[in-house]
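For reference, the chains in residue letters:
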Amino acid sequence: QVQLVESGGGLVQPGGSLTLSCTASERSRRYALGWFRQAPGKEREFVASLNVLGVKIAYSDSMKGRCTVSRESAGNTIHMRIDNLKPEDTAVYYCAAADRNIFNAPTDISFYDYWGQGAQVTVSS
């Protein structure tokens, strides 16, 4: 079973940028990887995803134009940079892995069976 570890969360001022990283324990390319977030009192929501090859990418509407995800060539680490952060971006950000529909960039949370522990991102002045 793959294990996922996020890093890079923290406190950021509005308008600032942040990069989150996620490393999977397995070295082989077997998973599509995604980012989700959950704010207090809200459901977990899709942020961005990449397919197993890292060439098909999807973003939520709220992230289009200010979010960039990439996958390292070895395949088991992804990075997500978010620019122009807003207070409403405050949430726990989770990395997730899907072993189904891997050649697409799944946006549906139901495809993801493996989750990291989450990284807190707080946007505040």
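Structure shown above.
Only a predicted model underlies this, so the values are computations on that prediction, with no experimental measurement involved. (Residues numbered from 1 in each chain as written. Predicted model: local features only at pLDDT ≥ 70, side-chain atom pairs only at ≥ 80, totals over all residues. Heavy atoms only, no water.)

### Side note on the overall build of the chain
Next up, step 1: Check the secondary structure of the chain and you find zero helices and 11 strands.
Next up, step 2: Order of helices (α) and strands (β) in the chain, N terminus to C terminus: β-β-β-β-β-β-β-β-β-β-β.
Next up, step 3: Expected size for 125 residues packed as a compact globule is a radius of gyration near 14 Å; at 13 Å, the chain falls within 12% of this value.
Next up, step 4: Counting across all 125 residues of the chain, residues that qualify as buried make up 46%.
Next up, step 5: Expressed as a percentage of contacts within the chain between residues at least 6 apart in sequence, the contacts between residues at least 24 apart total 60%.
Next up, step 6: In the structure as shown, the chain presents an accessible area of about 6,300 Å², 48% of it carried by carbon and sulfur atoms.
Next up, step 7: Positive and negative side-chain charges in the chain, numbering 13 and 12 respectively, have mean positions lying 4 Å apart. (Helix = DSSP H or I, 4+ residues; strand = E, 2+ residues; numbered from the N terminus. Rg over C-alpha atoms; globule rule 2.2 N^0.38 Å. Buried < 20%, exposed > 50% of the residue type's maximum accessible area, 1.4 Å probe, protein only. Contact = heavy atoms within 4.5 Å. Areas by Shrake-Rupley, 256 points an atom, 1.4 Å probe, with all protein chains shown as cover. Lys, Arg positive; Asp, Glu negative; His and termini not counted. Charge placed at Lys NZ, Arg CZ, Asp CG, Glu CD.)

### Some details on the sheet that holds strand β8 (residues 77-82)
Next up, step 1: As summarised here, the arrangement of the four strands in space is β1-β3-β8-β7, forming an open sheet in which the pairing is antiparallel. Either end of the sheet is taken by a strand with one partner, and the two such strands are β1 (4-7) and β7 (67-71). Each strand axis lies, on average, 15° off the axis of its neighbour in the sheet, ignoring direction.
Next up, step 2: Bridge analysis of β1 against strand β3 (residues 18-24) gives four bridges, and the strand direction is antiparallel. Paired with E6 across the strands is C22, a residue of β3. (Pairing = 2+ DSSP bridges. Axes fitted to C-alpha atoms, helices over the stretch in contact; angles between N-to-C directions.)

### As for the pairing of β7
Next up, step 1: Of the two faces of β7, the one lined by C67, V69 and R71 is fully buried and the one lined by T68 and S70 carries no buried residue.
Next up, step 2: By the bridge criterion, five bridges tie β7 to β8 in an arrangement that is antiparallel. By the bridge assignment, V69 is partnered in β8 with M80.

### Re the pattern of salt bridges
Next up, step 1: Taken as a whole, this structure holds six salt bridges when the rule is applied.
Next up, step 2: A salt bridge links D89 to R37; the nearest nitrogen and oxygen atoms lie 2.9 Å apart. Taken together, the residues D89 in the loop between β8 and β9 (91-98) and R37 in strand β4 (residues 32-38) connect sequence positions 52 residues apart. Comparing D89 with R37, the two get one shared label, buried.
Next up, step 3: Two residues, R100 and D113, come together in a salt bridge whose shortest N-O distance is 3.4 Å. With a gap of 13 residues between them, R100 in the loop between β9 and β10 (114-115) and D113 in the loop between β9 and β10 connect regions that are remote in the sequence.
Next up, step 4: The class of D113 is partly exposed, set by a relative accessible area of 42%.
Next up, step 5: Within this structure, R37, E45, R66 and D89 form a network of salt bridges that share partners. (Salt bridge = Lys/Arg side-chain N within 4 Å of Asp/Glu carboxyl O.)

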